[in-house]
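Residue strings, one per chain:
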Amino acid sequence: MRRPFISANWKMNKTIGETQAFLNEFLPLVRDVKDADIVIAPPFTSLPAAAALMKGSNVSLSSQDIFYEDKGAYTGEVAPGMLTDAGCTHVIIGHSERRQYFKETDEIINKKVKAALKHNLNVIFCIGESLEEREAGKMFDVLKREVEEGLKDIPSDHIVVAYEPIWAIGTGKTATTEQAQEAHKYIRERLAAIYGGAAANIRILYGGSVTPENIDALMACEDVDGALVGGASLKADSFSKLVKFKR
Ligand code: 13P
């Protein structure tokens, strides 16, 4: 049985003060949630303050990105050891916004995943097709390439996959449950081709306009094991409802 995994991705939102205010409201609301992993990924600047408030709680801290070198002349980058030092246990890698705006390739993403695992970070590995790719019938090819290249020579422990169709991110256009299940089933088959039976234990999250209103239906899909949430994770009330989804 795969344990549900619900993660917030705050993207470029919230100051340190706003992060603290969110957590002061959110942590008591979810204190009794025992049957799901809860993760929050604030911006880098908020990580130490979030770690201090999350200490001893049932919520884990993630960064939204990582660099693959340990240290050195890489202006603007953040090393894996700096993230663990700041209190992170998780890292999001390969988000479509990183691929699209910062030109991250499958090869760069693969290096980042390896670096994160070397530092004992749990990886939320993101994949997903654009609308053009879907309409051109290339969805399965894109997902196959992203899984095979991104996870090349990487063990499956400590990896959570997030399927985020780019056309569903921030648009209010959630994938239908049929579309989500179709993609998740395909991704699990690709994972099985690499990892064999262990693929049955890998959690696959759905991301893209997830809200408290649609999460129950998504979580009812056989291969949907959780959610990676942007907009609806920015308010404590809304994210706490997502964490308390019903199956
Ligand atoms: P939204 O939930 O705002 O659509 O964002 C999804 C996402 O990109 C999470 O990583």
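Residues numbered from 1 in each chain as written. Predicted model: local features only at pLDDT ≥ 70, side-chain atom pairs only at ≥ 80, totals over all residues. Heavy atoms only, no water.

**Notes on the layout of surface pockets**
Using a probe with the size of a water molecule, rolled over the atoms, empty space left in the structure can be pinpointed.
Here is step 1 of the chain: The space that makes up the largest pocket amounts to roughly 470 Å³.
Here is step 2 of the chain: Considering the residues around the largest pocket, the lining is formed by 19 residues, among which Lys11, Met12, Gln64, Arg98 and Phe102 are closest to the centre.
Here is step 3 of the chain: Looking at the lining of the largest pocket residue by residue, the class counts come to 9 nonpolar, 5 polar and 5 charged. (1 Å grid on protein atoms, 1.4 Å probe; cavity = no way out; pocket = protein on both sides within 12 Å on 5 of 7 lines; lining within 4 Å. Points joined across faces, edges and corners; volume = space filled by probe spheres on them. Nonpolar A, V, L, I, M, F, W, Y, C, P; charged D, E, K, R; others polar.)

**What about the pattern of salt bridges?**
Here is step 1 of the chain: For the structure shown, the criterion picks out 21 salt bridges.
Here is step 2 of the chain: A salt bridge links lysine 11 to glutamate 97, with the shortest nitrogen-to-oxygen separation between them at 2.8 Å. Of the two residues, lysine 11 is situated in the loop between β1 (5-9) and α1 (16-30) and glutamate 97 in helix α4 (residues 96-101); the sequence distance between them amounts to 86 residues.
Here is step 3 of the chain: Here glutamate 97 falls in the partly exposed class, since its relative accessible area comes to 21%.
Here is step 4 of the chain: In this structure, lysine 152 engages glutamate 149 in a salt bridge whose closest nitrogen and oxygen atoms are separated by 4.0 Å. (Salt bridge = Lys/Arg side-chain N within 4 Å of Asp/Glu carboxyl O. Helix = DSSP H or I, 4+ residues; strand = E, 2+ residues; numbered from the N terminus. Buried < 20%, exposed > 50% of the residue type's maximum accessible area, 1.4 Å probe, protein only.)

**Concerning the site of the ligand**
Here is step 1 of the chain: Within the structure, the ligand sits among 13 residues, and Lys11, His95, Gly170, Ser209 and Gly231 are positioned closest to it.
Here is step 2 of the chain: One of the side-chain nitrogen or oxygen atoms of glutamate 164 is found 2.9 Å away from an oxygen atom of the ligand.
Here is step 3 of the chain: Residue glycine 230 places a main-chain N or O atom 2.9 Å away from an oxygen atom belonging to the ligand.
Here is step 4 of the chain: Taking 310 Å² as the accessible area of the ligand by itself, protein coverage stands at 95%.
Here is step 5 of the chain: Residue composition of the shell around the ligand, grouped by class: 4 nonpolar, 7 polar and 2 charged. (Near = heavy atom within 4 Å. Polar contact = N/O pair within 3.5 Å; in protein donor to acceptor, adjacent residues only side chain to side chain. Areas by Shrake-Rupley, 256 points an atom, 1.4 Å probe, with all protein chains shown as cover.)

**Observations concerning the nonpolar core**
Here is step 1 of the chain: Counting residues in hydrophobic clusters, the biggest one holds 68 residues, and the most contacted among them are Phe26, Ile40, Leu191 and Phe239.
Here is step 2 of the chain: Among the elements that take part in this core, helix α8 (residues 177-195) stands out by supplying 6 residues, more than any other.
Here is step 3 of the chain: Not counting residues within four places of it along the chain, the set of residues in contact with phenylalanine 239 comprises Ile6, Ser7, Ala8, Phe22, Phe26, Ile38, Val39, Ile40, Val229, Ala232 and Ser233.
Here is step 4 of the chain: Phe5, Ile92, Val160 and Leu205 belong to the second-largest nonpolar core, a separate cluster that totals 10 residues. (Core = buried A, V, L, I, M, F, W, Y, C linked by side-chain atoms within 4.5 Å. Contact = heavy atoms within 4.5 Å.)

**Quick notes on the packing of α1 against helix α2 (residues 47-54)**
Here is step 1 of the chain: In contact at an axis separation of 9 Å, α1 and α2 are set at 20° when each is read in the N-to-C sense. Considered as vectors, α1 and α2 are oriented roughly parallel to each other. Crossing of α1 against α2: the hand is right-handed. Contacts from Ile16, Thr19, Gln20, Leu23, Asn24 and Leu27 in α1 reach Ala49, Ala50, Leu53 and Met54 in α2.
Here is step 2 of the chain: Here the contact of α1 with α2 is built from residues that sort into 7 nonpolar, 3 polar and no charged. (Axes fitted to C-alpha atoms, helices over the stretch in contact; angles between N-to-C directions. Parallel < 35°, antiparallel > 145°, perpendicular 65-115°, else oblique. Left-handed = near helix turned anticlockwise from the far one by under 90°.)

**Some details on the packing of aromatic side chains**
Here is step 1 of the chain: In the structure shown here, the tally under the stated rule is 7 aromatic pairs.
Here is step 2 of the chain: One aromatic cluster is present, formed by Trp10, Phe22, Phe26 and Phe239 through successive ring pairs.
Here is step 3 of the chain: Over the face of the ring belonging to tryptophan 10 we find lysine 14, whose NZ or CZ atom lies 5.2 Å from the ring centre.
Here is step 4 of the chain: The ring of phenylalanine 102 carries the charged tip of arginine 98 above its face, separated from the ring centre by 4.0 Å. (Phe/Tyr/Trp six-rings, centres within 6.5 Å; stacked < 30°, edge-to-face > 60°. Lys NZ or Arg CZ within 6 Å of the ring centre and 35° of its normal.)

**Quick notes on the packing of helix α7 (residues 139-150) against α8**
Here is step 1 of the chain: Between α7 and α8, the shortest axis-to-axis distance is 10 Å and the interhelical angle comes to 40°. As the angle between them shows, α7 and α8 are arranged oblique. The handedness of the crossing between α7 and α8 comes out as right-handed. Two secondary-structure elements touch here, α7 through Met139, Phe140, Leu143, Lys144, Val147 and Glu148 and α8 through Glu182, Ala183, Tyr186, Ile187, Arg190, Leu191 and Ile194.
Here is step 2 of the chain: Class assignment of the residues belonging to the contact of α7 with α8 gives a composition of 9 nonpolar, no polar and 4 charged.

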